[in-house]
Amino acid sequence: SDPASAKQDRELGLTREPLDELSWIARGVARLGGDPQGAVADFERALESNPRSRAALENKAHVLSERVGKTAEAIEVLNAAVEFHPDYIPARAGRGVLLARLGDRAAAHADAVETLARDSRPGTLYQIAGIYALTSRDQPADRARALQLLAAAIRQEPRWIGVVPKDPDLDPIRDDADFRRLMQSLADINAVGDPLRSSPK
């Protein structure tokens, strides 16, 4: 394929007015890197077509929280996502993380507990560990729960250990001696293979 032609086609596509919910979402995703405000506008247009659109709500919340620093607005968007889709784990867990970033420990923990009651996959355990790590800034006792969940996530899915060094949500516990010991222990286990874990072929 011709990279120049592909770039030209993409730019042309961005200038065309989308005609439906999915097209607005697609254009919003395409604009994420260079035009986050434009991406938000596109997701809002998708929501005009379908206020319950899970993809539009999730993408809008992502841009608001991770690209333009509007965490409180992102929480409002995820409130709608949780209301419309109560069984959709990423929305509830994501809201818990944002609440924890803003220091609302009670609400963040409520989302953490409800999320874990619904799902215990490694990615969920890892995300909820981030909630407790964040709230440990004000309540050091939360570190133990963060470490417990982090260890469980990485033991089930070792690839998460590679995410830890660049995850700012874990910064509040990063200098903790128990955190460093845990990371070293898990790294050692992953390096030699854990005899307690079996992976039948």
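Quick note: structure is the one above.
Cut-offs used in this document
- Within each chain, residues carry numbers counting from 1 in the order of the written sequence.
- Where local features are concerned, this predicted model is filtered to residues with pLDDT of at least 70; where side-chain atom pairs are given and counted, the filter is 80 or more; whole-chain, interface and lining totals use all residues.
- Computation of side-chain values covers all heavy atoms of the structure but excludes hydrogens and water.
- A pair of Phe, Tyr and Trp rings is counted when the ring centres sit within 6.5 Å of each other, with Trp represented by its six-membered ring. The angle between the planes then sorts it: under 30 degrees is stacked, over 60 is edge-to-face, the rest tilted.
- By definition, any uninterrupted DSSP run of H or I lasting at least four residues is a helix, any uninterrupted run of E lasting at least two residues is a strand, and each is numbered from the N terminus.
- Burial here depends on accessible area, computed with a 1.4 Å probe over protein chains only, as a share of the maximum for the residue type. Under 20% is buried, over 50% is exposed, and the range in between is partly exposed.
- Here, a charge over a ring means that NZ of Lys or CZ of Arg falls within 6 Å of the ring centre while also lying within 35 degrees of the ring normal.
- Here a cavity denotes a set of grid points, spaced 1 Å apart and computed over the protein atoms alone, in which a 1.4 Å probe fits but from which it cannot get out, and a pocket denotes an open set meeting protein on both sides within 12 Å along at least five of seven lines; residues with an atom within 4 Å of a point are reported as lining.
- Grid points are joined across faces, edges and corners, and a volume is the space filled by probe spheres set on the points.
- Under the scheme applied here, ten amino acids are nonpolar (Ala, Val, Leu, Ile, Met, Phe, Trp, Tyr, Cys and Pro), four are charged (Asp, Glu, Lys and Arg), and all others, including Gly, are polar.
- Contacts between residues were defined by any pair of non-hydrogen atoms, one from each residue, lying within 4.5 Å.

*Asks:* Please clarify how the packing of aromatic side chains should be interpreted in this entry.
*Replies:* How two aromatic rings sit relative to each other is given by the distance of their centres and the angle of their planes. Applying the stated rule across the entire model yields one aromatic pair. Summarising the aromatic geometry, the rings of tyrosine 126 and tryptophan 160 are spaced 4.7 Å apart at their centres and angled 20 degrees between planes, so their arrangement reads as stacked. Of this pair, tyrosine 126 sits in helix H8 (residues 122-135) while tryptophan 160 is found in the loop between helix H9 (142-156) and helix H10 (171-174), placing the two residues 34 residues apart along the sequence. With respect to class, tyrosine 126 is no different from tryptophan 160; both count as buried. Against the face of tyrosine 88 rests arginine 54, its NZ or CZ located 3.8 Å from the ring centre.

*Asks:* What am I meant to see in the layout of surface pockets here?
*Replies:* Think of a ball as big as a water molecule: rolled over the atoms, this probe shows where empty space is left. Put simply, the largest pocket is a space of about 380 Å³. Taken together, 17 residues line the largest pocket, and the ones lying closest to its centre are His62, Glu66, Pro90, Gly94 and Gln127. Secondary-structure elements contributing two or more residues to the lining of the largest pocket are helix H4 (54-67), helix H6 (89-101) and H8. Residues that form the lining of the largest pocket fall into these classes: seven nonpolar, five polar and five charged.

*Asks:* What should I look at first to understand the environment of proline 168 in this one?
*Replies:* For proline 168, the location among the structural elements is in the loop between H9 and H10. Accessibility expressed as a relative area gives 54% for proline 168, which makes it exposed. Distance from proline 168 to glycine 130, taken between C-alpha atoms, is 8.9 Å for residues 38 residues apart in sequence.

*Asks:* Would you mind showing me how to read the side chain of histidine 109 here?
*Replies:* When you line up the elements, histidine 109 lands in helix H7 (residues 105-118). Given the relative accessible area of 13%, histidine 109 is considered buried. Discounting residues that sit within four places of it in the chain, histidine 109 has contacts with Ile131, Tyr132, Thr135 and Asp142.

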